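Okay, here's what each chain looks like letter by letter:
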Protein chains: 2
Amino acid sequence: MKLLQEKILNDGRVSGNDILKVDNFLNHQLDIAFLNEIGKEFKNRFANEKIDKILTIEASGIAIASIASQHFGNVPVVFAKKVESKNLDKEVYETKVYSFTKGKEYSVKVSKRYLHEGENILILDDFLANGRAALGLKDLVDQANANVAGIGIVIEKGFQEGRSLLEKEGVKLESLAILKSIENGVITFK
Amino acid sequence: MKLLQEKILNDGRVSGNDILKVDNFLNHQLDIAFLNEIGKEFKNRFANEKIDKILTIEASGIAIASIASQHFGNVPVVFAKKVESKNLDKEVYETKVYSFTKGKEYSVKVSKRYLHEGENILILDDFLANGRAALGLKDLVDQANANVAGIGIVIEKGFQEGRSLLEKEGVKLESLAILKSIENGVITFK
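I will try to describe carefully the structure that is included in this document. (Residues numbered from 1 in each chain as written. Chains lettered and ligands numbered in written order. Predicted model: local features only at pLDDT ≥ 70, side-chain atom pairs only at ≥ 80, totals over all residues. Heavy atoms only, no water.)

## A short note on the packing of aromatic side chains
Residues and elements named next belong to chain A. All told, the structure shown has four aromatic pairs over all chains when counted by the stated rule. Here the aromatic rings of phenylalanine 25 and phenylalanine 34 are separated by 5.5 Å at their centres, their planes lie at 90°, and the arrangement is edge-to-face. Neither residue differs from the other here; phenylalanine 25 and phenylalanine 34 are each classed as buried. When the ring centre of phenylalanine 34 is taken as origin, the NZ or CZ atom of lysine 7, which lies over that ring, is 5.0 Å away. (Phe/Tyr/Trp six-rings, centres within 6.5 Å; stacked < 30°, edge-to-face > 60°. Buried < 20%, exposed > 50% of the residue type's maximum accessible area, 1.4 Å probe, protein only. Lys NZ or Arg CZ within 6 Å of the ring centre and 35° of its normal.)

Here it is, written out as C-alpha cells:
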C-alpha cells in the first residue's frame, strides 16, 4: 500500500535496528481519515472472503478494527483482553502469548459469548513481528470452532519470523506494508 | 439518548447493585453502527464547541473516540496509556488515577508530542462513576496548557460522585445515559 509506505517514511521514527514508532498516526495518536484508507485496503485484500466478525487485541488493534469494520458492512468487532478485568465473564477462551518486547508471557482472553462455532473471523492487528499475538488470536478462534478467514496486518516486520509461522498454519495473511529492514535508521520495504 | 437507554435495557446485564455490563456492544464486542449513533449524538451535544482533538484512555475509550472523530471532521484521537510500554516516549505528561474497581492506583501517560498548548480537547470515555479517570485525563490536558472543551461520557453512574467532582472543576459534562440506580437487577435512568 503506497500511501502507507509514504506515511511510514514521512511520519515514522526508527529507534535502534528493530523498533519503528508510528505512534503519531497508528497507536497512540490516531489519524482517523488515514485509518479509513487502511480499512478500505483491508476490504480490497479480503474482498473474496465472507467475514462475519473482526477479532483484534487491545489496545492498538481496536481503532484499526473499528474503523475497518465500516468497510465490511459494520460487522461486529471483538477485542481480546490482555488485562485482568473484574467485569470480564468467567467463561472465556484463553491463550498464552509470549511478548519478546516485554520478555514475558501474558494471558489473552475473549468471552465465550462473542466467538461462535462456524463464524468467519478476520483477525486484524497493527504489527506483525514474531507472530505470537496473531497465533494467540488464531488459537482463540480455533477454540471456538470458528474459522480464520484471514489475518490482516498494517505493518509487518519482514525480517522476523511471524509470516513463516502463520503460513505454516495455512492462513491467508495480508500485510499492507512489509518492512525489509530498519537498520541504521533507514527504512526499506519488501 | 433514547436509543442508548433502549440498548442498555435490551443488551445490558446487571451484576450486583453497581455493575452494568455492556460488553456486547460497548467494551468487548463493539457494535460499530451503534457507535456511529453515539458519535453523532456527541457531535450534537458539543456542536457549539471548537474541538481540535479527542482524548480518551485505553482500552474501552478507543473505539468510541475513533468512531466519534468522524463526526467531528476526523480530528486526531489520542489515547492515554495505562500500561508500561517500551515504545512510549520518555517525554510524557503523567498522572495518577485511583481505580475503585481494582482497588489500586495506576499511572496514566500521554506523550508530550500529542497534546499542545492552546488546543481544545474533547475528553471521551465509556463510563463515568467515581470520576477519577476523567479527572486524570483533565489533569493531562491541564499540564499541556491545553483547554478541556468538554467531557463526553456514554454511560454515567448517576449514583456515584463523578459528576459532582467534575462540575466543581467547571467543565461541560455530557453523558448520553445517566443511571439512577441498578439495584436488584432493575435499571432506572435519571
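## Quick look at the sheet that holds strand E3 (residues 29-30) of chain A
Spatially, the seven strands line up as an open sheet ordered E3(A)-E5(B)-E4(B)-E8(B)-E9(B)-E10(B)-E11(B), and their pairing is mixed. Of all strands in the sheet, those with a lone pairing partner are E3 of chain A together with strand E11 (188-189) of chain B, marking the two edges. Pairing of strand E10 (residues 173-181) of chain B with E11 of chain B, which is carried by two bridges, proceeds in the antiparallel orientation. Among the inter-strand pairings, leucine 179 of chain B is bridged to a residue of E11 of chain B, identified as phenylalanine 189 of chain B. On top of the sheet, helix H4 (residues 132-143) of chain B reaches strand E4 (53-57), strand E5 (77-80), strand E8 (120-128) and strand E9 (147-157) of chain B; it is set at about 165° to E8 of chain B, its chief contact. (Pairing = 2+ DSSP bridges. Helix = DSSP H or I, 4+ residues; strand = E, 2+ residues; numbered from the N terminus. Contact = heavy atoms within 4.5 Å. Axes fitted to C-alpha atoms, helices over the stretch in contact; angles between N-to-C directions.)

## Topic: the pairing of E5 of chain B
Burial along E5 of chain B is two-sided: the residues Val77 and Phe79 of chain B and Val78 and Ala80 of chain B are all buried. Two strands pair when backbone bridges link them, and E3 of chain A and E5 of chain B are joined in this way by two bridges, in the antiparallel orientation. In the strand pairing of E5 of chain B, leucine 30 of chain A is matched with valine 77 of chain B. Looking at chain direction, E4 of chain B and E5 of chain B are connected through four bridges and run parallel. Bridge pairing links leucine 55 of chain B to valine 78 of chain B in E5 of chain B. Viewed along the sheet, the connection from E4 of chain B through helix H3 (residues 60-69) of chain B into E5 of chain B turns out right-handed. (Right-handed = clockwise from strand over helix to strand, strands pointing away.)

## So, the packing of helix H3 (residues 60-69) of chain A against H3 of chain B
Taken N-terminus to C-terminus, the directions of H3 of chain A and H3 of chain B make an angle of 45°; their axes are 9 Å apart at the nearest point. The angle between H3 of chain A and H3 of chain B falls in the class oblique. Here H3 of chain A runs over H3 of chain B; the crossing is right-handed. Touching Ile62, Ala63, Ser66 and Ile67 of chain A of H3 of chain A are Ile62, Ala63, Ser66 and Ile67 of chain B, all from H3 of chain B. Broken down by class, the residue content of the contact of H3 of chain A with H3 of chain B amounts to six nonpolar, two polar and no charged. (Parallel < 35°, antiparallel > 145°, perpendicular 65-115°, else oblique. Left-handed = near helix turned anticlockwise from the far one by under 90°. Nonpolar A, V, L, I, M, F, W, Y, C, P; charged D, E, K, R; others polar.)

## Some words on the pattern of salt bridges
Considering all chains together, one arrives at 30 salt bridges over all chains under this definition. Linking glutamate 169 of chain A and lysine 138 of chain A is a salt bridge whose minimum nitrogen-to-oxygen distance equals 3.4 Å. Of this pair, glutamate 169 of chain A sits in the loop between helix H5 (162-168) and strand E10 (173-181) while lysine 138 of chain A sits in helix H4 (residues 132-143), and the two are 31 residues apart along the sequence. We classify glutamate 169 of chain A as partly exposed; its relative accessible area is 43%. A relative accessible area of 9% means that lysine 138 of chain A is categorised as buried. Across the pair aspartate 142 of chain B and lysine 138 of chain B runs a salt bridge whose closest N-O atoms are separated by 2.8 Å. With aspartate 142 of chain B and lysine 138 of chain B both in helix H4 and four residues apart, this pair spans about one turn of that helix. According to the relative accessible area criterion, aspartate 142 of chain B is partly exposed, its value standing at 36%. Taken together, the shared-partner salt bridges connect Glu41, Arg45, Lys172 and Glu174 of chain A into one network. (Salt bridge = Lys/Arg side-chain N within 4 Å of Asp/Glu carboxyl O.)

## Considerations on the interface of chain B and chain A
A common measure of how large an interface is: the accessible area buried when the components associate. Contact with chain B, which involves 41 residues of that partner, is made by 41 residues of chain A. Counting each side, the surface lost to burial between chain B and chain A is near 3,400 Å², with a carbon and sulfur contribution of 55%. In this assembly, chain B and chain A are joined by zero salt bridges. Seen at the junction of chain B and chain A, the total is 15 residue pairs in polar contact (both at pLDDT 80 or more). Within the residue set of the side of chain B that touches chain A, elements represented by two or more residues are strand E2 (19-21), strand E3 (29-30), helix H2 (32-45), H3, E5 and strand E7 (104-111) of chain B. The biggest single contributor to the side of chain B that touches chain A is H3 of chain B, with five residues. Of the residues assigned to the side of chain B that touches chain A, the class counts are 17 nonpolar, 12 polar and 12 charged. (Buried area = accessible area lost by both parts, 1.4 Å probe. Polar contact = N/O pair within 3.5 Å; in protein donor to acceptor, adjacent residues only side chain to side chain.)

Taken by themselves, the reported measurements are silent on function.
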